[in-house]
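Coordinate inspection notes
Listed below are the residues making up each chain.
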There are 6 protein chains.
Amino acid sequence: MAKLADLDWLTYESRVGEGDAVILLPIGAIEQHGPHMSMNPDVLIPEAISVGVARLLANALVAHPIAYGYKSQVKSGGGNFFPGTTCINGKTLIDTIKDVVVAYARHGNRKFVLVNGHYENSMFIVEGIDLALEHLRHEGIEAQVVVLSYWDFVTQDTIETVFPDGFTGWDVEHGGVLETSLMLHLHPELVNMDKVMDHAPATFPPYDVFPSDPSWVPASGTLSSARNATAEFGELLMAVCVEGIAAAVREHFSAPR
Amino acid sequence: MAKLADLDWLTYESRVGEGDAVILLPIGAIEQHGPHMSMNPDVLIPEAISVGVARLLANALVAHPIAYGYKSQVKSGGGNFFPGTTCINGKTLIDTIKDVVVAYARHGNRKFVLVNGHYENSMFIVEGIDLALEHLRHEGIEAQVVVLSYWDFVTQDTIETVFPDGFTGWDVEHGGVLETSLMLHLHPELVNMDKVMDHAPATFPPYDVFPSDPSWVPASGTLSSARNATAEFGELLMAVCVEGIAAAVREHFSAPR
Amino acid sequence: MAKLADLDWLTYESRVGEGDAVILLPIGAIEQHGPHMSMNPDVLIPEAISVGVARLLANALVAHPIAYGYKSQVKSGGGNFFPGTTCINGKTLIDTIKDVVVAYARHGNRKFVLVNGHYENSMFIVEGIDLALEHLRHEGIEAQVVVLSYWDFVTQDTIETVFPDGFTGWDVEHGGVLETSLMLHLHPELVNMDKVMDHAPATFPPYDVFPSDPSWVPASGTLSSARNATAEFGELLMAVCVEGIAAAVREHFSAPR
Amino acid sequence: MAKLADLDWLTYESRVGEGDAVILLPIGAIEQHGPHMSMNPDVLIPEAISVGVARLLANALVAHPIAYGYKSQVKSGGGNFFPGTTCINGKTLIDTIKDVVVAYARHGNRKFVLVNGHYENSMFIVEGIDLALEHLRHEGIEAQVVVLSYWDFVTQDTIETVFPDGFTGWDVEHGGVLETSLMLHLHPELVNMDKVMDHAPATFPPYDVFPSDPSWVPASGTLSSARNATAEFGELLMAVCVEGIAAAVREHFSAPR
Amino acid sequence: MAKLADLDWLTYESRVGEGDAVILLPIGAIEQHGPHMSMNPDVLIPEAISVGVARLLANALVAHPIAYGYKSQVKSGGGNFFPGTTCINGKTLIDTIKDVVVAYARHGNRKFVLVNGHYENSMFIVEGIDLALEHLRHEGIEAQVVVLSYWDFVTQDTIETVFPDGFTGWDVEHGGVLETSLMLHLHPELVNMDKVMDHAPATFPPYDVFPSDPSWVPASGTLSSARNATAEFGELLMAVCVEGIAAAVREHFSAPR
Amino acid sequence: MAKLADLDWLTYESRVGEGDAVILLPIGAIEQHGPHMSMNPDVLIPEAISVGVARLLANALVAHPIAYGYKSQVKSGGGNFFPGTTCINGKTLIDTIKDVVVAYARHGNRKFVLVNGHYENSMFIVEGIDLALEHLRHEGIEAQVVVLSYWDFVTQDTIETVFPDGFTGWDVEHGGVLETSLMLHLHPELVNMDKVMDHAPATFPPYDVFPSDPSWVPASGTLSSARNATAEFGELLMAVCVEGIAAAVREHFSAPR
């Protein structure tokens, strides 16, 4: 079992051992992803990837995900005004990351991988980690943390396979081919390809406005069309992310320090 | 589908409608529950109960749970020093409750039921709700919230059935017959009855000490033995909680105001 | 003199000595307690009990009380909407407990007893203590804290004496026989038995609602009638709490660690 | 009865009426005041003055004091390193002031007088008030607050009477003739004139240093000698403060707005 | 005069008028930018651009910059461990942005442009703005905010001119040709081209590690070499940013809403 | 160069050395100073004084100022309701001071001088410093901080020269002769003596009211008239402050500890 909350505490304690386990912590969001898909891909995908990675490593465990993430932005997630997009304040996310990492470190863990599934979380994860490490240092604990967003491990080859007509860019990959393919592979029951709306990729000016202007966003809530998504692409994307992340983690934590 | 994050946003929007939907929000904890059980019962049980309640109501949806809860206390959860018990600060929980309720209310929801699965959360939920309602009032929104812990709906009859030799009391029902029966019913793969430790119910002095004294707690981490737990009891407990809560919610939200 | 703020600092310094003094910190609330009683019993009673306990111990001092407490709840204090009930946010109470305990520890004190007089404070005291001990640990200080609510030391015998017709339960002991008797013993000038309202003990459903519903609470603001309160019962309750707490404190702090 | 917490809630409610009552809130500190005096003058003096003022006004009530104040500074209170000086963080004091004023305003009160007894509190009171009024405005409530430190009402005539040999200045009036005289008048049992240390008024450079340098402060902890303090001076000081404050309050709250 | 703090308050008041002025608020950081340049380009450049933009608009004013920014990250600013890089916590930056925008809005301003000069600030600015607008809404104020980072207005043409041998990418433009050219144009006295270190652009793995690993960063602290920087390029970059931003602002605030 | 942000990081690193450098941190405000002067004197004056002091010391550096300060008060700065007066919350200022001092200390600096230019900042600076030193102590760092307001170094002789007809007191020196003379000396382009309004010094009752009453403040926003200000007085005031502060700093940091 890779999910640590599925273990009893004595088994968990033996896995933690001398701090040798790697704790993978998925961090996501509850956010609309178009009319054709559920609102939890940002939680389910990084959790599934974390489980995949854990299986490839000698001693890794997947922590229960942090499910509520930072406010959706127009250019990356469609914006925070869609019904169903359910986000928390930046300070709350910072504190949650901090508290959860500190708690796992107090069990004896020293190696962490934070697997982000929601772009807007990134800087708040960084700050949560910074405060957690500062706090732990005051207790005499030195921990090592890898922070990543899974899509950064999609290789150029894979992009070319998945987007044979040309890649429209990461910027508009919200509810598009990438996430939809992964969900078709992982949770086909949460995707309805009949409801995919077809539209050109969204384009944006080089600035943001607040309050957000809903007219900037396609009516679907997605930033590019998922029409070409397939479960096969999802399987491929999953494999490439899992292998890439596992290799990176293995290398980082085996490096002499 | 009862879980709102499994819906696409347009379906969700139509369910929210004019604020008629009831949003059930499970709140739990990642906490050791003895050598015989996983560390997520406080999340899984209230979520399952919420789904059960949602099925009995005309228009209810289960929100994604808040999984990390307040620090385990010796007399109710064994204490915060067990490996695997992974808890957050009180202020962080308050802020999370507040932010999440405010976000769901901004979608148009006005009726909430917070289903608690971890005793220690109670007062922080109260404070989170109080701050959320104050904040919403500043935006001209009036919402109604029911807060409950599922075990408060177990009837005297059920107690007598489940504990034929006499009830040892709610105080020591941590990882005992109640929670273990529910988990045997809901997630038998996460329970191993062979590992149940048999011991007398824990007894405590009428005060608490900090730092906690681990010698106050049985070595198992449970406060009473789960030996008599069965899936049948779990089914019964589930039914009685689901029906009781559904009746209470129905009554409260139909009452003229 | 048992109250430390009545001492001059040089006398106090000598009492603190090598950290051998026990600091008793009363924590209460300003909260309505019915038409027959002042709004300060939750401060005055734990302070009086602390003074009583201090007199029985070799070297104990009573700190100035923390008087403003957490928001009154319907089922334990009548609710936060009564004129005169004057409560602070949870985070403010957490911070106050933390700061005050840290300050007394920096004087050299290592042994604390927090004597709570207001049910709703309990979990915020726990969190304040947890943060205080964490903070002190960063400064290399290890302190020991006992946290208690005085009513938990009322014995079964005493209950039977005070409630000869059967105990209606702790739940409804707000402004009832217990607190009124104690106030008649300690501050008879703040009680007017002619104004006691007679009513059946309040009964509540197994959940809470927010915003609170004032119709759940007896018009008096008390949850059970104080009609049978007497100064003699107050004296008895006082004695049993003082002795019980003194014994517990003596035992806890003399135990080898 | 002038102290509002001594009232029952129905009496209090009738006093609050249409917001016509003036709520006097004493704010102090627990702080050393030399070897000859207790550590609570900053609480007891403003409370006594508030009671005196309340008696002169048509409808005024004295709220329970906020007893723990901001960190003692070398030049005004001797510094925060003396045993017995027990102070809280600035943010905690800000939040306490804010919460308490908001709570009293929610009872219907609209007129407040904050009576400060500890110099270091001043700016944190200002900020607490500013945040309270901002918060109340979001609820549609407009309140009026007078903030004062009682010593600012000592007249030049009184100074000349109390310091016939020349006034050494407010700066060094910590534990000196002023406070000691007031305490001799109000609480002679908490003063021991035999222990007064005689020393020249403290002198300081035009800057502060942190961490504080204890060698800047007289060994007594007082900044000037209380040798000439008398109960008669205390009575005079009391009268002049009470009358001056009552006149100011009367004028401010009767002024057309 | 374009800088609002250089105006007297009566002149400022007349400029604010009915909320027609556009307030440009530069936000930067104090951060090392290599051995050849001062540590304030992230403040000086956005301030200069703001002044340039203000000159092109009918009624715009440049607010005093927020100078201390969020913690430098390895991949965008070299990392937070360089001497001279002086950064503040995320929550502090969020609060500063919020307070400052609220204050300017209370003067009557309704149109804001936040001109960011430090990549790491971006999400904290977003959160500060979100909280400011929420707060203002509680006061009945609706404001409009444009948020931008100046480099997003550099056109493809300009890139091709400034990097005739191929653009190494925005990712490594820390202390490189772009910022150095702008500083050579604006503040040549703060640049010493003799000290430019020549090195290949930095390359990074697709993840981050904490604590940061200084060996990932070139010894210079810059992420690409500034060798080809010239004042002429700086003038060109300045012009293209100023004109692009002025056009965007003009369009956004003249759009019917 | 005395301003540390004007240095490149390698030069800065060599100046910091073994913690021997003195870091002067100016702290000001953006606040109206009458119709005749810009709104930045509270930033510009302490920065100029810091630069002057740095030139007299062996190894001192002036940090980039903290420009936004605490809310202007009626009796010291005219009040927080003037257009252009742009102030931040107390907690935000506390956190900014704390974060900035901690950041400079992590570079290796151990000697700080905080040069305040805005009266209302004083206590929030004290709290920021206290929290910074506490935080640094948890990291094993001991730093020394001098906190001063520049006007406290104006000598009696200088007062007599600048105010030949008698000093109206520090209390009303807002936008008056002192600050205006300094600005005439330092930044004559930001002063227009033709716009000075002539009026008697403001007088205030011995208390404050909130919300502020604008009728207490002269229409000019200044508390006394600047009519007699001259650049010569400014030069004199500058010299006397610079020399006094340099002497104090030299003495404090050379004193054996």
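Residues numbered from 1 in each chain as written. Chains lettered and ligands numbered in written order. Predicted model: local features only at pLDDT ≥ 70, side-chain atom pairs only at ≥ 80, totals over all residues. Heavy atoms only, no water.

A look at the overall build of chain A
Keep this limit in mind: Secondary structure elements follow DSSP: runs of H or I of four or more residues count as helices, runs of E of two or more count as strands, with numbering from the N terminus. Burial classification: accessible surface area is computed with a 1.4 Å probe over protein chains only, and a residue below 20% of its type maximum counts as buried, one above 50% as exposed, and the rest as partly exposed. Only the protein chains shown count as cover for residues, and the accessible areas themselves come from Shrake-Rupley with a 1.4 Å probe.
A tally of helices and strands in chain A yields eight helices and five strands. Written out in order from the N terminus, the α and β elements of chain A read α-β-α-β-α-α-β-α-β-α-α-β-α. For chain A, buried positions account for 67% of its 257 residues. As presented, chain A carries roughly 8,500 Å² of accessible surface, and 51% of it is formed by carbon and sulfur atoms.

Observations regarding the relation of the copies chain F and chain E
Stated formally: A least-squares fit on C-alpha atoms brings the copies together, and the residues used are those whose pLDDT is at least 70 in both copies. We call two residues in contact whenever any of their non-hydrogen atoms come within 4.5 Å of each other.
When chain F is fitted to chain E, the residual RMSD is 0.0 Å, and the transformation amounts to a turn of 180 degrees plus an axial shift of 0.0 Å. Such values leave the two copies arranged in the relation of a two-fold axis. Using C-alpha coordinates, one finds that chain F approaches the rotation axis most closely at F:Thr92, a distance of 3.1 Å. Comparing contact sets, 100% of the residues at the interface of chain F also lie at the interface in chain E, consistent with an isologous, same-surface contact.

Some remarks on the sheet that holds strand β1 (residues 22-27) of chain B
Our working definition: A pair of strands is considered paired only if DSSP assigns at least 2 bridges between the two. In this analysis, axes come from line fits to C-alpha atoms, helices being fitted only over the stretch in contact, and the angle between any two N-to-C directions falls in the range 0 to 180 degrees.
Pairing within the open sheet is mixed, and its five strands lie in the order β2(B)-β1(B)-β3(B)-β4(B)-β5(C). Looking at strand neighbours, the two that pair on one side only are β2 (60-62) of chain B together with β5 (208-210) of chain C, the edges of this open sheet. Across the sheet, the mean angle from the axis of one strand to that of its neighbour is 20 degrees, orientation sign disregarded. Note that β1(B) and β2(B) share three bridges and pair parallel. Residue pairing in the sheet places B:Leu24 in a bridge with B:Val62 of β2(B). Those strands touched by helix α2 (residues 41-56) of chain B are β1, β2 and β3 (111-116) of chain B, and its axis lies near 165 degrees from that of β1(B). Along the sheet face, helix α5 (residues 122-138) of chain B touches β1, β3 and β4 (144-149) of chain B together with β5 of chain C and points at about 175 degrees away from the line of β4(B).

Some details on the interface of chain F and chain E
The following threshold applies: A 1.4 Å probe defines the accessible area here, and the buried area is the portion of it lost by two parts on being joined, summed over both. Any Lys or Arg side-chain nitrogen located within 4 Å of an Asp or Glu carboxyl oxygen qualifies as a salt bridge. Side-chain atoms alone can form a polar contact between residues adjacent in sequence; in general such a contact is a pair of N or O atoms within 3.5 Å, and within protein one must be able to donate a hydrogen while the other accepts it. Each residue gets one label: Ala, Val, Leu, Ile, Met, Phe, Trp, Tyr, Cys and Pro are nonpolar, Asp, Glu, Lys and Arg are charged, and the others, such as Gly, are polar.
Taken together, the contacts link 49 residues of chain F with 50 residues of chain E. For the chain F and chain E pair, buried surface summed over both sides reaches about 3,600 Å², with 62% attributable to carbon and sulfur atoms. Area buried by chain F at its contact with chain E is led by F:Trp9, F:Tyr68 and F:Pro83, which between them contribute 20% of it. Counting every contact that joins chain F to chain E gives two salt bridges. For E:Lys195, the salt bridge is made with F:Asp8, and the minimal N-O distance between the two is 3.4 Å. For the pair chain F and chain E, the interface holds 26 residue pairs in polar contact (both at pLDDT 80 or more). Of all elements in the fold, only α1 (9-16) and α4 (90-106) of chain F reach the threshold of two or more residues within the side of chain F that touches chain E. Of the residues forming the side of chain F that touches chain E, the biggest block, seven residues, is contributed by α4(F). Each residue belonging to the side of chain F that touches chain E can be placed in one class, and the counts come to 27 nonpolar, 16 polar and six charged.

So, the packing of helix α4 (residues 90-106) of chain D against helix α5 (residues 122-138) of chain D
Residues and elements named next belong to chain D. The test is simple: Angle categories are assigned with fixed cut-offs, so that under 35 degrees is roughly parallel, over 145 is roughly antiparallel, 65 to 115 is roughly perpendicular, and the rest are oblique. Each crossing gets its handedness from the near helix: less than a right angle anticlockwise from the far helix is left-handed, clockwise is right-handed.
Contact pair α4 / α5: the axes reach a minimum separation of 8 Å and the direction vectors enclose 40 degrees. One way to sum up the angle between α4 and α5 is to call them oblique. Considering the relative orientation of α4 and α5, their crossing is right-handed. Contact with α4, carried on its side by Gly90, Leu93, Ile94, Ile97, Lys98, Val101, Val102, Ala105 and Arg106, involves Phe124, Ile125, Glu127, Gly128, Ile129, Leu131, Ala132, His135 and Leu136 of α5 and no other residues of that element.

What about the packing of helix α7 (residues 177-186) of chain A against helix α8 (residues 231-254) of chain A?
All names here are of chain A. Where α7 contacts α8, the axes come no closer than 7 Å and their chain directions differ by 95 degrees. It follows that α7 is roughly perpendicular to α8 by the angle criterion. Contacts between α7 and α8 involve Val177, Leu178, Ser181, Leu182, Leu184, His185 and Leu186 on the former and, on the latter, Ala231, Phe233, Gly234, Glu235, Leu237 and Met238. Class assignment of the residues belonging to the contact of α7 with α8 gives a composition of nine nonpolar, three polar and one charged.

Details of the sheet that holds strand β5 (residues 208-210) of chain E
Here we have five strands laid out as an open sheet, ordered β2(A)-β1(A)-β3(A)-β4(A)-β5(E), and mixed in their pairing. Each end of this open sheet is capped by a strand with a single partner; those strands are β2 (60-62) of chain A together with β5 of chain E. Across the sheet, the axes of successive neighbouring strands diverge by a mean angle of 20 degrees, strand direction being ignored.

Remarks on the pattern of salt bridges
Counted under the stated rule, the structure contains 60 salt bridges over all chains. Here B:Glu127 and C:Lys71 are joined by a salt bridge, their closest N and O atoms 2.9 Å apart. Here B:Glu127, found in helix α5, pairs with C:Lys71, found in the loop between β2 (60-62) and α3 (74-77), and the two come from separate chains. Linked through salt bridges whose partners overlap, the residues forming this network are A:Lys71, E:Glu127 and E:Asp130.

Details of the packing of aromatic side chains
Test applied: Ring pairs are drawn from Phe, Tyr and Trp, using the six-membered ring of Trp, whenever the two centres fall within 6.5 Å, and their geometry is named by plane angle: stacked under 30 degrees, edge-to-face over 60, tilted for the rest.
As enumerated under the stated definition, the model contains 63 aromatic pairs over all chains in all. A centroid spacing of 5.1 Å and a plane angle of 75 degrees characterise the contact between A:Tyr150 and A:Trp151, whose relative ring orientation is edge-to-face. Looking at A:Tyr150, the relative accessible area reads 1%, which means it is buried. The buried category is assigned to A:Trp151, whose relative accessible area is 14%. Relative to E:Phe124, the ring of E:Tyr70 has its centre 4.2 Å away and its plane inclined at 35 degrees; by these criteria the two rings are tilted. Separated by 54 residues along the polypeptide, E:Tyr70 in the loop between β2 (60-62) and α3 (74-77) and E:Phe124 in helix α5 (residues 122-138) bring together distant segments of the chain.

Some words on the environment of F:Val217
Residues and elements named next belong to chain F. In this structure, Val217 sits in the loop between β5 (208-210) and α8 (231-254). For Val217, a relative accessible area of 8% puts it in the buried group. For the pair Val217 and Gly79, spaced 138 residues apart in the sequence, the C-alpha separation amounts to 8.1 Å. Here Val217 is in contact with Val74, Gly78, Phe81, Phe82 and Leu223, once residues within four sequence places are set aside.

Without other data, these values stay purely geometric and don't point to any function.
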